[in-house]
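# Summary of structural features
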Amino acid sequence: MKNLQLDTTFLKKINNDHYSFVDPKPLKNPKLISVNRALANEITLNSHFIDSVEFVKFINGENLTDNIKPFSYAYSGHQFGFHVPNLGDGRALNLGKLNSYQLQTKGSGITPYSRDGDGRAVLRSSIREYLLSEAMYGLGIPTTRALGIISSDTKVYRGYETEKASIVLRASTSWIRFGSFEFAYNSENKEENLKNLADFLIDESYPHLKELDNKYEELYFEIVDKTIELMALWQSVGFCHGVMNTDNMSAAGLTIDYGPYAFMEEFDQGYVCNLSDKEGRYSFTNQPFIAQWNLSVLAKVLSPIADEGLMNSYNDHFIGKFKKRYFAIMKEKLGLYNNDIDDTTLILRMFSALQAESIDYNSFFYKISCGDFEFINRVQIKGWFKLYKNRLEHETVSKEERFSRMKKINPKFVLRNYMLQDAIDKAEQGDYTLVNDFLEIAQDPFADHPKYEHYTKPKPNWEPLKCSCSS
Ligand code: AMP
Ligand code: MG
């Protein structure tokens, strides 16, 4: 542990009301559930360290070396459309940077931003974040990641029940949110604070913009582009985030803050995964529109340092650009590489058939990547398969080549909610094997994994699980 040097010098670049130093409050009898060896390797964490009790203590915030001074970020946000000025890392502590990843523990106790919360994260929500962030990474979708997870004997109250407290060690190239800029906008020296924060973000995630005269407008344009890409990727795998508040939107274009998310199983444009979202504000089909709305908030708060008109005009093109990118990805998922004037119609008809016949979204793409067009015997999709087969006649790549390319974009495995629930139920009993099995699947969802074949199928009679925000 003595050798672990984490850099926090970057903090000097932002105004000190953007963060507070906080001491971690360790959990009782911490136990390691899982360590992400792939990521540990990538950031050159010593393998002896991650296999030692020191690593568990590190995640738990015990015996931190003097060079580590944990801090929590302040931010504001729009939650379900309403401005909330005083948010922040209510249960997360930043420890510093190691090889471009900033390490953060989630669930380490109260901070000045905890409001009514207890600063803790329950085991189920920590396992869901740990596995899903790696699953998104495995799918090639920009995301924060997770390096390890611990359980404990500390109990926390949720509703009328007690649950086990847990901590996830998260890692990200950036923790700056749209809400971080809203916080700067609300401060006394807004112009200076906004500039410092924007420069900080440029250093961290957009270094090529550093020398430009109009760097703040360019920064906004690039955030828009990254968000478009993120939305196209989310929609293409049926990912529903569930809480797209501006404080949960990464200014570096990453998937951030895994709460009540879900991969959509039976295709449904109106799917809402968050039990607290009664009006369906964050439904599957709304996600790109919400992202654009969130970007309009960002344009407003950046207006003291960048041209608001230019930023808004750029954001006006969000949906057009999103559709272009989304349809391009969908074409690849279908193995269509030539251009045909009717491709958009073909894709829209596919969505209608998937919706009308409640077909499992990701299994559908995996099946057609194996050349199986007979697996569903329903009228609408059979009609669509006819159109699709005709369209494939216009392709020039061989069938084998097509299937091989399709299997690199259509995952064989997605972490379905019932799988996560099984892993959680077992972990509550102290058995962490499923968490570790699913980590293996998550990190390479396109591989064959013959021993996990049964997880390729939707679970029959599974009641879709809905989670709420508070976990
Ligand atoms: P979310 O929408 O889940 O990202 O959470 C919104 C805000 O509530 C963030 O500032 C979180 O840090 C904070 N929060 C969520 N859960 C807790 C908790 N158990 N204790 C303290 N703060 C929390
Ligand atoms: Mg959040």
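Since the model is a prediction, treat every value here as computed from it, not as a measurement. (Residues numbered from 1 in each chain as written. Chains lettered and ligands numbered in written order. Predicted model: local features only at pLDDT ≥ 70, side-chain atom pairs only at ≥ 80, totals over all residues. Heavy atoms only, no water.)

### Things to note about the overall build of the protein
Convention followed: Put simply, DSSP H or I for four residues or longer makes a helix, DSSP E for two residues or longer makes a strand, and each gets a number counted from the N terminus. Each radius of gyration is computed over the set of C-alpha atoms, and the globule rule expresses the reference value as 2.2 Å times the number of residues to the power 0.38. For every residue, the accessible area (1.4 Å probe, protein chains only) is compared with the maximum for its type, and the residue is labelled buried under 20%, exposed over 50%, or partly exposed between those bounds. Contacts: residue pairs with any heavy atoms within 4.5 Å of one another. Each accessible area is a Shrake-Rupley estimate made with a 1.4 Å probe; only the visible protein chains count as cover when residues are assessed. When charges are counted, Lys and Arg are positive and Asp and Glu negative, with His and the chain ends excluded. Lysine's charge is taken at NZ, arginine's at CZ, aspartate's at CG and glutamate's at CD.
When you go through the protein residue by residue, the secondary structure sums to 16 helices and 12 strands. Here the protein has a C-alpha radius of gyration of 23 Å; the compact-globule value for 471 residues is 23 Å, and the two agree. Once the C-alpha set of the protein is aligned to its principal axes, its extents read approximately 65 × 55 × 40 Å. Put simply, the protein has 471 residues, and 57% of those count as buried. Considering only contacts in the protein between residues 6 or more positions apart, those separated by 24 or more positions represent 71%. If you sum the accessible surface of the protein, you get close to 19,800 Å²; carbon and sulfur atoms cover 49% of it. With 55 positive and 62 negative side-chain charges, the protein shows a separation of 4 Å between the mean positions of the two kinds.

### Topic: the site of ligand 1
The condition that has to hold: Here a residue is considered near a molecule or strand provided that any single heavy atom belonging to it is located within 4 Å of it. In protein, a polar contact means a hydrogen-donor-capable atom and an acceptor-capable atom, both N or O and within 3.5 Å, with residues adjacent in sequence counting only if both atoms are side-chain atoms; elsewhere, any N or O pair within 3.5 Å suffices. Each residue gets one label: Ala, Val, Leu, Ile, Met, Phe, Trp, Tyr, Cys and Pro are nonpolar, Asp, Glu, Lys and Arg are charged, and the others, such as Gly, are polar.
Neighbouring residues of ligand 1: 15 residues in total, closest Gly88, Gly90, Asp118, Gly119 and Asn248. One of the backbone N or O atoms of Gly119 is found 2.8 Å from a nitrogen atom in ligand 1. A distance of 3.3 Å is found between an oxygen atom of ligand 1 and a side-chain nitrogen or oxygen belonging to Asp257. Relative to its unbound accessible surface of 490 Å², ligand 1 loses 83% to contact with the protein. Among the residues making up the shell around ligand 1, the classes are represented as one nonpolar, seven polar and seven charged.

### Some points on the packing of helix H8 (residues 287-302) against helix H9 (residues 308-316)
To describe two helices that pack against each other, one gives the angle between their axes and the distance between the axes. Quick note on the threshold: To define axes, lines are fitted to C-alpha atoms, for helices over the stretch in contact only, and angles between the resulting N-to-C directions are given on a 0 to 180 degree scale. Orientation labels follow simple angle bins: below 35 degrees gives roughly parallel, above 145 gives roughly antiparallel, 65 to 115 gives roughly perpendicular, and whatever is left gives oblique.
Two elements in contact, H8 and H9, have axes separated by 9 Å at closest approach and are oriented at 170°. For the element pair H8 / H9, the angle class is roughly antiparallel. In this structure, H8 uses Gln292, Leu295, Ser296, Ala299, Lys300 and Leu302 to contact H9, whose residues at the interface are Glu308, Met311, Asn312, Asn315 and Asp316. Tallied by class, residues from the contact of H8 with H9 come to four nonpolar, four polar and three charged.

### Observations concerning the coordination of the magnesium ion (ligand 2)
Rules: Only N, O and S atoms count as donors, using a 2.8 Å cut-off from the metal and 3.2 Å for Na, K and Ca, and because water is excluded some sites may appear unfinished.
Protein-derived coordination of the magnesium ion (ligand 2) comes from Asn248 (OD1) and Asp257 (OD), at a distance range of 2.0 to 2.1 Å. A relative accessible area of 10% means that Asn248 is categorised as buried.

### Some points on the packing of helix H4 (residues 123-138) against helix H16 (residues 433-443)
Note the threshold: Crossing handedness is defined as follows: a turn of the near helix away from the far one that is anticlockwise and smaller than a right angle gives a left-handed crossing, while the clockwise case is right-handed.
Axis separation between H4 and H16 bottoms out at 7 Å; the angle between their running directions is 20°. One finds that H4 runs roughly parallel with respect to H16. Between H4 and H16 lies a crossing of right-handed hand. On H16, the residues touching Ile127, Tyr130, Leu131, Glu134, Ala135 and Gly138 of H4 are Val435, Phe438, Leu439, Ala442 and Gln443. Its residues assigned to classes, the contact of H4 with H16 shows eight nonpolar, two polar and one charged.

### So, the pairing of strand S9 (residues 155-158)
Put simply, the rule is: Pairing between two strands requires that DSSP report at least two bridges joining them.
In S9, alternate side chains face the same way, and those of Val156 and Arg158 are buried while those of Lys155 and Tyr157 on the opposite face are not. Examined bridge by bridge, S9 and strand S10 (residues 161-172) share four bridges and lie antiparallel to one another. From the neighbouring strand, Tyr157 faces S10, where its bridge partner is Thr162.

### What about helix H7 (residues 215-237)?
Cut-off, in case you're wondering: By this rule the span expected of a helix is its residue count minus one, scaled by 1.5 Å.
Relative to the 33 Å expected for 23 residues at 1.5 Å per residue, H7 spans 33 Å between its end C-alpha atoms, a close match to the ideal helical length. In terms of burial, H7 is largely enclosed, as 18 of its 23 residues are buried. In the stretch just after H7, Gly238 is the one whose phi turns positive, near 70°.

### A short note on the pattern of salt bridges
Cut-off, in case you're wondering: We define a salt bridge as a side-chain nitrogen of Lys or Arg found within 4 Å of a carboxyl oxygen belonging to Asp or Glu.
This model, assessed by the stated rule, comprises 25 salt bridges. One salt bridge in this structure joins Asp118 and Arg158, with 2.7 Å as the shortest N-O distance. One end of the pair, Asp118, is in the loop between strand S6 (101-106) and strand S7 (121-122); the other, Arg158, is in strand S9, and 40 residues separate them in sequence. Its relative accessible area of 15% is what places Arg158 among the buried residues. Several salt bridges share partner residues, and in doing so they unite Lys106, Glu129, Arg170, Arg177 and Asp257 into one network.

### A word on the environment of Asp372
Relative to the assigned elements, Asp372 resides in the loop between helix H12 (361-369) and helix H13 (379-392). Along the backbone, Asp372 and Leu310 are 62 residues apart, and their C-alpha atoms lie at a distance of 48 Å.

### Structural notes on unusual backbone geometry
One non-glycine residue, Asn99, lies in positive phi territory at about 45°. Looking at the element boundaries, Asn99 is found in the loop between strand S5 (92-98) and S6. Judged by its relative accessible area of 44%, Asn99 is partly exposed. Phi is positive for Arg115, close to 50°, though the residue is something other than glycine. As for its position among the elements, Arg115 is in the loop between S6 and S7.

### A look at the packing of aromatic side chains
What counts, and what does not: By convention, a stacked pair of Phe, Tyr or Trp rings (six-membered ring in the case of Trp) has centres within 6.5 Å and planes under 30 degrees apart, an edge-to-face pair has planes over 60 apart, and any other such pair is tilted. Only Lys NZ and Arg CZ are tested; either one counts as a charge over a ring when it is within 6 Å of the ring centre and within 35 degrees of the ring normal.
All chains considered together, the criterion is met by 30 aromatic pairs. Ring geometry for Phe364 against Trp384: centres 6.0 Å apart, planes inclined by 55°, an arrangement best described as tilted. Highlighted residues: Phe364 in helix H12 and Trp384 in helix H13, separated in sequence by 20 residues. For Trp384, a relative accessible area of 2% corresponds to the buried category. With centroids separated by 6.0 Å and ring planes inclined at 15°, the aromatic side chains of Phe364 and Phe385 adopt a geometry described as stacked. On the criterion of sequence distance, the pair formed by Phe364 in helix H12 and Phe385 in helix H13 is long-range, its members being 21 residues apart. Residue Phe364 is classed as buried on the basis of its relative accessible area, which comes to 0%. Residue Phe385 is classed as buried on the basis of its relative accessible area of 3%. Positioned above the aromatic ring of Tyr261 is the side chain of Arg128, whose terminal nitrogen or guanidinium carbon lies 4.2 Å from the ring centre. Taking the ring centre of Tyr137 as reference, the NZ or CZ of Arg145 above it sits at 3.4 Å.

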